[in-house]
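# What the coordinates show
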2 protein chains.
Amino acid sequence: MNGMKKYVFGVDVGGTAIKLGFFTVEGELLEKWEIPTRTENNSENVLPDIAEAIENKLKEKAIEKEEVSGVGFGVPGPVTKEGIIQMNANLGWRNKHVSKELGELTGLPCKGGNDVKTAGLGEMWKGGAAEYDNAVFITLGTGVAAAIIVEGKVILGAMGAAGEIGHIKVNMEETNACGCGGVGCAEQYASGPGLVRMAKKKLEESDKASMLRYDEITAKTVFDAYKVGDELATEVVEEFGHYLGYSLAATAAVVDPEAFIIGGGVSKAGDELVKVVQKYYKQYVWPGCRNKEFVLAKLGNDAGIYGAASYVL
Amino acid sequence: MNGMKKYVFGVDVGGTAIKLGFFTVEGELLEKWEIPTRTENNSENVLPDIAEAIENKLKEKAIEKEEVSGVGFGVPGPVTKEGIIQMNANLGWRNKHVSKELGELTGLPCKGGNDVKTAGLGEMWKGGAAEYDNAVFITLGTGVAAAIIVEGKVILGAMGAAGEIGHIKVNMEETNACGCGGVGCAEQYASGPGLVRMAKKKLEESDKASMLRYDEITAKTVFDAYKVGDELATEVVEEFGHYLGYSLAATAAVVDPEAFIIGGGVSKAGDELVKVVQKYYKQYVWPGCRNKEFVLAKLGNDAGIYGAASYVL
């Protein structure tokens, strides 16, 4: 890096949309926009589309490439330290050297990693994890995964699978399989679909009156019903807290973070969600790790572009 | 470091004895010896005793201090990144800046850390973990603890408590408390005292014939009986494997290591122990981490001095 570099791009590649952010090197988000993810033909257009979007933005702003530090990216699934995606089912990529290809297309330094880890970097740079050197950033969405931050860096693990805490086995009695092939994973309870599944099961098994009988069941409606004291929703949320709290307690024994930062769509339920997770965490964690901070993520959907940008700084 | 430095000391401070190792900077152990740990008056003599032992060794060998890289040390309990021990019950130390004090006493650079993490470093440098960048080194002894190795470094955690995987709660039905104050910790089953406790409990609760009824019960006699098919010992060892395997499965989901290296006194039971742990590990771990290496530690009681020496290299 040198003093000439003023700008940086952060790119968050999702299954349906690619989010792009144009930042100053200090981390001020100047502009953000989206382009569609064209997945046809094994997503062959995705990297050229990103390169074109970047070229256009630079032209529009009349900014020279010399002023740009580089392009950071986040993509779903495991990414090696060298920026290679071995296999990505959503995008149809295999052994794709994203940083090299995108570097050639843009003529800029490119670096990136897994999307959850990237979002964790974003929260660490400008969000809820900014004041911590050691933290666990959890996303609760379609799945449950974490970015494990150790001394200011997100760890990868041997196969890029560090932070897969949604696949800690938490229920020995479960009979339904998790998407991963395991049975009784935390993700089967602590994700959006997990909450919906638990709620539907309880509605079927009981005659209890519940607001959930008259509404579409989503993570949001379950938490909304919980917040107004709905008994059945409370059972669901307590079970959610129980399993997620247990997973975080096990995680604490392994990496001893300063804080847990909770993000992802499900975390929009807010402080009430944090409280129930923390209650069970304290019940299951060993005394040496009892007093950890629990905070909500701050950047929402922008965590990915922030984290991506931070790769090249 | 410069080319003049030929030697390094590694010091492993235990509750009853201090082990010292004199190494070449390449890691060849030239000599090892022990001195007693004088714990009276809050162990005020421990650091001066170590300094004197080092001075004497240098005199004996007619080696100048200029030829020595430094002194590395391992001590029980949490040690901060700066080498400060906040509280050590065995030694009676509080807020003791060991690296600074030992540095002043010896006139040599001193650096160190927690004993389990230090032993992990030793196995990483010259032992069972040498070929791995990401590994979990577990000691099974009076307690159960691990050194979590990430990209070639042992991680500390916020309070120096990373790797306390012996305190993952594994048994919700347990009524006896662990030494940590928790209930149902892995250490209550997977340590030496844990094995003895489980064996005694089973002997009391059953009338089954068992070799263990005619012998002193230790981790060794339990595994010896297991190896010849003793039914009651088998129940004990299966329970040991179950709880330890579960803890390692949870650990894998958090840090995704390449391998688990099993050391400590209890690991002398050898391959049979590794097999039973691995069996339950595979049962509980998520598919993405199923194929990890399980190996025995190689350095035995010398892991600590090797790891200590490696701090100053």
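Quick caveat, the model's predicted, so the values are computed rather than measured.

With that settled, consider the sheet that holds strand β9 (residues 144-150) of chain A. One open sheet accounts for five strands, arranged β10-β9-β8-β11-β12 (chain A); its pairing is mixed. Here the strands that pair on one side only, and so sit at the sheet edges, are β10 (153-154) and β12 (293-296) of chain A.

Residue and element names in this part refer to chain A. Each assigned domain of chain A is listed with its residue range as follows: domain 1 (7-122 + 302-311) and domain 2 (131-297). A straight line from the C-alpha centre of domain 1 to that of domain 2 covers 29 Å. In this complex, domain 1 contributes 11 residues to the contact, which on the side of domain 2 involves 14 residues. Sort the elements by how many residues they give to the side of domain 1 that touches domain 2 and helix α4 (residues 115-126) lands first, with five residues. Here the side of domain 1 that touches domain 2 is built from residues that sort into six nonpolar, three polar and two charged.

Let us now look at the sheet that holds strand β7 (residues 110-114) of chain B. Residues and elements named next belong to chain B. Strand order in the open sheet formed by five strands is β3-β2-β1-β4-β7, and the pairing between neighbours is mixed. Of all the strands in the sheet, just β3 (29-36) and β7 have a single pairing partner and so form its edges. Here the average twist between neighbouring strands, direction ignored, is 15°. For strand β4 (residues 68-75) and β7, the ladder comprises five bridges, and the chain directions are parallel.

All names here are of chain B. Inspection of the sheet shows strand β1 (residues 7-13) paired to strand β2 (residues 17-24) by seven bridges, in the antiparallel sense. The partner of Val11 across the bridge, within β2, is Leu20. Counting the residues in the hairpin turn of β1 and β2 gives three residues. With seven bridges connecting them, β2 and β3 associate as antiparallel partners. Paired with Gly21 across the bridge in β3 is Lys32.

Residues in a regular strand project their side chains so that they alternate between the two faces of the sheet. Residues and elements named next belong to chain A. Strand β11 (residues 259-263) sits mainly inside the fold: four of its five residues count as buried. In terms of strand pairing, strand β8 (residues 135-140) meets β11 through five bridges, oriented parallel. Paired with Val136 across the strands is Phe260, a residue of β11. The pairing of β11 with β12 spans four bridges and is parallel. Residue Ile262 lies in a different strand from β12, and its bridge partner there is Leu296. After leaving β11, the chain enters helix α9 (residues 271-284) and then returns to the sheet as β12, a path that is right-handed.

Turning our eyes to something else, we now look at the relation of the copies chain B and chain A. Rotating chain B by 180° and moving it 0.0 Å along the rotation axis overlays it on chain A with an RMSD of 0.0 Å. What the superposition gives is, in effect, a two-fold axis relating one chain to the other. Interface residue correspondence from chain B to chain A reaches 100%, placing this contact among same-surface, isologous pairings.

We now examine the packing of helix α6 (residues 192-205) of chain A against helix α8 (residues 231-255) of chain A. Packed helix pairs are characterised by how far apart their axes lie and by the angle those axes make with each other. Residue and element names in this part refer to chain A. Running from N to C, α6 and α8 cross one another at 135°; their axes reach a closest spacing of 10 Å. Classified by the angle their axes make, α6 and α8 are oblique. The crossing of α6 and α8 is right-handed. Residue-level contacts link Leu195, Met198, Ala199, Lys202 and Leu203 of α6 to Leu232, Glu235, Val236, Glu239 and Phe240 of α8. For the contact of α6 with α8, the residue count by class is seven nonpolar, no polar and three charged.

About the criteria used
- Sequence positions are assigned chain by chain, starting from 1 and proceeding in written order.
- Starting at A for chains and at 1 for ligands, labels are handed out in the order in which the entities are written.
- This being a predicted model, a pLDDT of at least 70 is required before a residue's local features are given, and a value of 80 or more before pairs of side-chain atoms are given or counted; all residues contribute to the totals for chains, interfaces and linings.
- Note on pairing: two strands pair once DSSP finds at least 2 bridges between them.
- By the criteria applied, helices consist of DSSP H or I runs no shorter than four residues and strands consist of E runs no shorter than two, each listed in order from the N terminus.
- Boundaries between domains were set according to an automatic or database domain assignment.
- Contact between two residues is assigned whenever their backbone-derived C-beta positions fall within 7 Å.
- Residues are grouped as follows: nonpolar covers Ala, Val, Leu, Ile, Met, Phe, Trp, Tyr, Cys and Pro; charged covers Asp, Glu, Lys and Arg; every other residue, Gly included, is treated as polar.
- For every element, the axis is a line fit to its C-alpha atoms; helices are fit only across the contacting stretch, and the angle between N-to-C directions ranges from 0 to 180 degrees.
- Residues with at least 20 neighbouring C-beta atoms inside 10 Å of their own are called buried, those with 12 or fewer are called exposed, and the rest are partly exposed, where every C-beta is derived from the backbone.
- When the strands point away from the viewer, a crossover counts as right-handed if the path from the first strand over the helix to the second runs clockwise.
- Least-squares fitting of one copy onto the other uses the C-alpha atoms of those residues that reach a pLDDT of at least 70 in both copies.
- Any angle from 65 to 115 degrees is called roughly perpendicular, while one under 35 is roughly parallel, one over 145 is roughly antiparallel, and all others are oblique.
- Each crossing gets its hand from how the near helix is turned against the far one by less than a right angle, where anticlockwise is left-handed and clockwise is right-handed.

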